[in-house]
Amino acid sequence: MPINRVGLALFGVYVLLYGGFMGLVLAGPDLLATRVLGGVNLAIACGLGLIVAAVALSVIYILARAGRSRDSRS
Amino acid sequence: MLHETSPLAIGIFAAFVASVLWLSFRLGRKGQSAQGYYAAHGQVHWFVNGVAFAGDYLSAASFLGICGLIAFYGYDGFLYSIGFLAGWVVALFVIAEPIKALGTFTFADALDARFNSRGIKLAVAISTLVVSVFYLIPQMVGAGALVTPLLGLPHWAGVILVGIAVTFIVVTAGMVSTTWVQFIKGALLVFFCGVLTLLILNRGLVVNAGRPGPADLAPQTRSIRPDGQVLIDGTPQSAEHDLRPVGTLASLPERYAGEGRTGPLGPLAYLSTLEDSTVVTWRRETSRDAEGTHDVFTPRERPAAELLRPGGYFKGLSGGSLTARLDFASLMLALFCGTASLPHILIRYYTVKDAAAARKSTVVGIATIGIFYVLTLYLGLGAMTSGFLDPTNSNMAAPLLAKSFSDTLFAVISAIAFTTVLGTVSGLIMAGSGAVAHDLVENVAGVQMTDHEKVRVGKLAAVGLGIVAIALGILFKGFNVGFLVGWAFNIAASANLPALVMLLFWPRTTKQGITAAVTVGMTASLAWILLSADTFEKVYGISRDVAPMPFSQPGLVTIPLGFLVLVVVSLLTPAPPRR
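The shown structure was predicted, so the numbers you read here are calculated from the model rather than taken from an experiment. Numbers given for residues are sequential positions, taken from 1 along each chain in its written order. Numbering of ligands from 1 and lettering of chains from A proceed in the order in which they are written. Whole-chain, interface and lining totals are the exception, using all residues; otherwise, since this is a predicted model, local features are given only for residues with pLDDT of at least 70 and side-chain atom pairs are given and counted only at 80 or more. The basis for every side-chain value is the complete set of non-hydrogen atoms in the structure, without hydrogens or water.

Trainee: Requested: an account of the overall build of chain B, with residues and values cited.
Mentor: Helix and strand definitions follow DSSP, with helices as H or I runs of at least four residues and strands as E runs of at least two, each counted in order from the N terminus. When you go through chain B residue by residue, the secondary structure sums to 21 helices and 6 strands. Sorting the 579 residues of chain B into buried and exposed places 59% on the buried side. Taking as baseline every contact in chain B between residues at least 6 positions apart, the subset at least 24 positions apart corresponds to 80%. Accessible area of chain B: about 21,500 Å², with a carbon and sulfur share of 64%. When accessible area is computed with a 1.4 Å probe and restricted to protein chains, residues below 20% of their type maximum are described as buried, those above 50% as exposed, and intermediate ones as partly exposed. By definition in these notes, contact holds between two residues if any of their heavy atoms fall within 4.5 Å. Note on areas: Shrake-Rupley with a 1.4 Å probe; residue coverage comes only from the protein chains shown.

This is the structure we're talking about:
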């Protein structure tokens, strides 16, 4: 069966983001208490960022696949 | 105070549940009378199906559990939200399309597509059953928690009520939980959570929930005597004499000090203002003696900033404990891998006909679920400072938050949560009884049955599962339902993900490899959970120190174990014929 390269690439991007965030959490909560973005701390900013990233990557995914679906056999 | 019932609330609740049930029966019948149940699905619009994804996935467990965890422990509940959503990325990018290319429609079919093996059918049927039961527990516990404040019934009565209602639905009407009903539930849930969030932001932060005087810091004691009688601060519990609600704001930043309230706040300002405030949480200490079980709830003031970073629930994270870190990493891995391994989630991917529509509806699903999980952060933090928390039950945080605005809203939110439980539970019981009747009795045991007999076996299995669900729902009272769902994700990911991924990406995978991986992954994760410190302490009531497992969430060990077993067994057995 064909390997879904777009999907795997986007999956790789998300794994880096998710894994990076878990690394930050495991590294210790003090760093995550840093205030960024309008006084919101890094922990919340990262969490919201991961949710937005999941939605954004999935939109990129359908846009990328839509271009190919015409010549795909499924 | 927390558990008084109002006729209005009961009326709204009954009307809501009745209309959803009516709709479900009606649409279910229509679906059957048309070109059959599955053919009707092919015509569902991708947007509707996308919201239905959300309706399916956002069980009451995820709604009640996460809000409760955030309200009780702060940021760590939000980590569950992040993990639950991340699982969808795996499902969409890695698993869904190749499975679609295999041309199969259910999880067991997909794993068995190439082999037609009895061993795979047996292993997958049992793992479906185990995952379904573990997913059922939190739903039942959530249902029990809901009826206590709403209808004034004890927890066990609520669990039995749901169990009987659902078993009745499944046995008499069959699979009537249609895409449309899930769509309505999903849309209502997200809509009303949005309304609640707007109300929270409009209210802003209010010191001591607007009550006069300083924060109440007196400890409260609840004792449950061996004969079942409940004492509050030493005298019997009654409607007037009960635990006082907890969870308030102690003080605001300097600039609001005079007024005691902030007034309406923007979404980011709400978070940053809270970060500069102090809140009153409480410590719970439980002791047991001849007089029964005693819970002492001691309020304490602390900076809200402590609660807006990881470490409130996963306590060891800040203390540098290695096992606490492994436990945390293990849970987050299981949440990441679990969604794509849940049998009833993948099936939803096939409810629209063409691949592009399926992708679009998945994106709508991810967006809806993502919005919902952002809202849970506000709901949880709003509940934390609402002055309306029940310190004995984190699952009630979201409905009680609604109650801090109005009784009507409380009834609506409870009704939505309750119907969601009904839908999810009937779906799970259907899946489980199907696994028993179709996979175990017919395919594995080789019993030849007529259609009529097959239906009867399925119904008997549904009744049996209903009874098991009721018993477990009562046993696990007081557990946070989000935590319990975490177990289901651990088992699903350990049993199913290795087989699924390797089947799709490694041509050398053999049927013995798949059977072994599913069996070992499921048994190992189940055994690990049963022998973990959390289970020892909270279920068996023995000290957590004697538990043999180093940490409580098995995924970090058992998911790789599943992969290892699959590779080793596949290499030891003859390669499958090349296609």
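Back to the text.
Trainee: Tell me about the interface of chain A and chain B, and name the residues and values.
Mentor: With 40 residues of chain A in contact, the opposing surface of chain B contributes 44 residues. Interface of chain A and chain B: buried area, both sides summed, is about 3,700 Å²; carbon and sulfur atoms make up 77% of it. Salt bridges are identified by distance alone: a Lys or Arg side-chain nitrogen within 4 Å of an Asp or Glu carboxyl oxygen. At the junction of chain A with chain B, the criterion picks out 2 salt bridges. Between Arg35(A) and Glu275(B) there is a salt bridge, with its nearest N and O atoms 4.0 Å apart. Top element by residues in the side of chain A that touches chain B is helix α3 (residues 42-66) of chain A. It accounts for 15 residues. All residues other than Ala, Val, Leu, Ile, Met, Phe, Trp, Tyr, Cys, Pro, Asp, Glu, Lys and Arg, Gly among them, are scored as polar; the first ten of these are nonpolar and the last four charged. The class makeup of the residues in the side of chain A that touches chain B is 28 nonpolar, 9 polar and 3 charged. The term buried area denotes the loss of accessible surface (1.4 Å probe radius) that occurs when two parts are joined, taken as the sum for both partners.

Trainee: Can you break down the state of the cysteines residue by residue, with the values?
Mentor: Cysteine sulfurs are considered disulfide-paired once they come within 2.5 Å of each other. Following the criterion strictly, the structure yields 0 disulfides over all chains and no others. With no disulfide of its own, Cys67(B) lies closest to Cys193(B) among cysteine sulfurs, the gap being 6.3 Å.

Trainee: Which residues make up helix α7 (residues 118-151) of chain B, and what values go with them?
Mentor: Residues and elements named next belong to chain B. When the terminal C-alpha atoms of α7 are compared, their 48 Å separation across 34 residues agrees well with the 50 Å that a helix rising 1.5 Å per residue should span. Here α7 lies mainly inside the structure; 27 of its 34 residues are buried. We call two N or O atoms a polar contact when they sit within 3.5 Å, provided that within protein one can donate a hydrogen and the other can accept it, with sequence-adjacent residues counted only if both atoms are side-chain atoms. Its side-chain oxygen placed 3.2 Å from the backbone nitrogen of glycine 119, serine 117 serves as the N-cap of α7. What a helix is expected to span follows from its residue count: subtract one and scale by 1.5 Å.

Trainee: Kindly report on the pattern of salt bridges, identifying the contributing residues and their values.
Mentor: Within the structure shown, the criterion is met by 6 salt bridges over all chains. Arg222(B) serves as the salt-bridge partner of Asp295(B), at 3.1 Å between the closest nitrogen and oxygen. Placement of the pair is Asp295(B) in strand β6 (residues 292-303) and Arg222(B) in strand β1 (residues 220-224), with a sequence separation of 73 residues. Arg222(B) shares its class with Asp295(B); the two are buried. With a shortest N-O distance of 4.0 Å, Glu285(B) and Arg283(B) are connected by a salt bridge. Through salt bridges with shared partners, one network takes in Arg35(A), Glu275(B) and Asp276(B).

Trainee: Can you tell me about the packing of helix α18 (residues 481-505) of chain B against helix α21 (residues 555-572) of chain B, naming the residues and giving the values?
Mentor: All names here are of chain B. Here an axis means a line fitted to C-alpha atoms, over the contact stretch when the element is a helix, while the angle between two N-to-C directions is reported on a 0 to 180 degree scale. Following both chains from N to C, one finds α18 and α21 inclined at 30°, their axes separated by 9 Å at the closest point. In terms of orientation, α18 lies roughly parallel with respect to α21. The element α18 and its partner α21 pack so that their crossing is right-handed. In this structure, α18 contributes Asn490, Ala493, Ser494, Leu497, Pro498, Ala499, Val501 and Met502 to the contact, and α21 contributes Gly555, Thr558, Ile559, Gly562, Phe563, Leu566 and Val567. Looking at the contact of α18 with α21 residue by residue, the classes come out as 10 nonpolar, 5 polar and no charged. Here roughly perpendicular refers to angles of 65 to 115 degrees, roughly parallel to angles under 35, roughly antiparallel to angles over 145, and oblique to all remaining angles. Less than a right angle of anticlockwise turn of the near helix away from the far helix marks a crossing as left-handed, whereas a clockwise turn marks it as right-handed.

Trainee: Any details on the sheet that holds strand β5 (residues 278-289) of chain B? Residues and values, ideally.
Mentor: Residues and elements named next belong to chain B. Here a strand pair is declared whenever DSSP counts at least two bridges between the two strands. Ordered by their spatial adjacency, 6 strands build an open sheet running β3-β2-β1-β6-β5-β4, and the pairing between neighbours is antiparallel. With partners counted over all chains shown, the strands left at the sheet margins are β3 (235-236) and β4 (248-251), one partner each. As judged from the 5 bridges shared by β1 and β6, these two strands associate in the antiparallel manner. Opposite threonine 221, over in β6, you have valine 296 as the bridge partner.

Trainee: Which residues make up the confidence of the model for chain B, and what values do they have?
Mentor: Fine structural detail should not be taken from predicted coordinates in areas where pLDDT scores are low. The pLDDT averaged across chain B works out to 80; a share of 89% of its residues lies at or above 70. Residue-level confidence of the predictor is summarised by pLDDT, bounded by 0 at the bottom and 100 at the top. Confidence drops under a pLDDT of 50 for residues 31-41 of chain B, and excluding neighbours within four residues, the segment shows 11 contacts in the predicted structure.

Trainee: How would you summarise a nonpolar patch on the surface if you had to cite specific residues and measurements?
Mentor: All names here are of chain B. Nonpolar side chains (Val, Leu, Ile, Met, Phe, Trp, Tyr) within 5 Å and like charges within 9 Å form the patches, drawn only from residues with over 30% relative accessible area and no salt bridge. On the surface, Leu530, Leu531, Tyr540, Ile542 and Val546 cluster together to form a nonpolar patch covering roughly 430 Å² of accessible area. Its place among the elements puts isoleucine 542 in the loop between α20 (533-540) and α21. Residue isoleucine 542 is classed as partly exposed on the basis of its relative accessible area, which comes to 42%.

Trainee: Can you break down the packing of aromatic side chains residue by residue, with the values?
Mentor: Pairs were defined over the aromatic rings of Phe, Tyr and Trp, the Trp ring being its six-membered one, requiring ring centres within 6.5 Å. Orientation was assigned from the angle between planes: stacked under 30 degrees, edge-to-face over 60, tilted for the rest. Evaluated as defined, the whole model comprises 20 aromatic pairs over all chains. Note on Tyr14(A) and Phe336(B): the rings are 6.4 Å apart at their centroids and 20° apart in plane angle, and the pair reads as stacked. You can see Tyr14(A) sitting in helix α1 (residues 5-27) and its partner Phe336(B) sitting in helix α12 (residues 322-338), one on each of two chains. With a relative accessible area of 9%, Phe336(B) lands in the buried category. One aromatic cluster is present, built from ring pairs that chain together Phe63(B), Tyr80(B), Phe84(B), Tyr135(B), Phe372(B), Tyr373(B) and Phe489(B).

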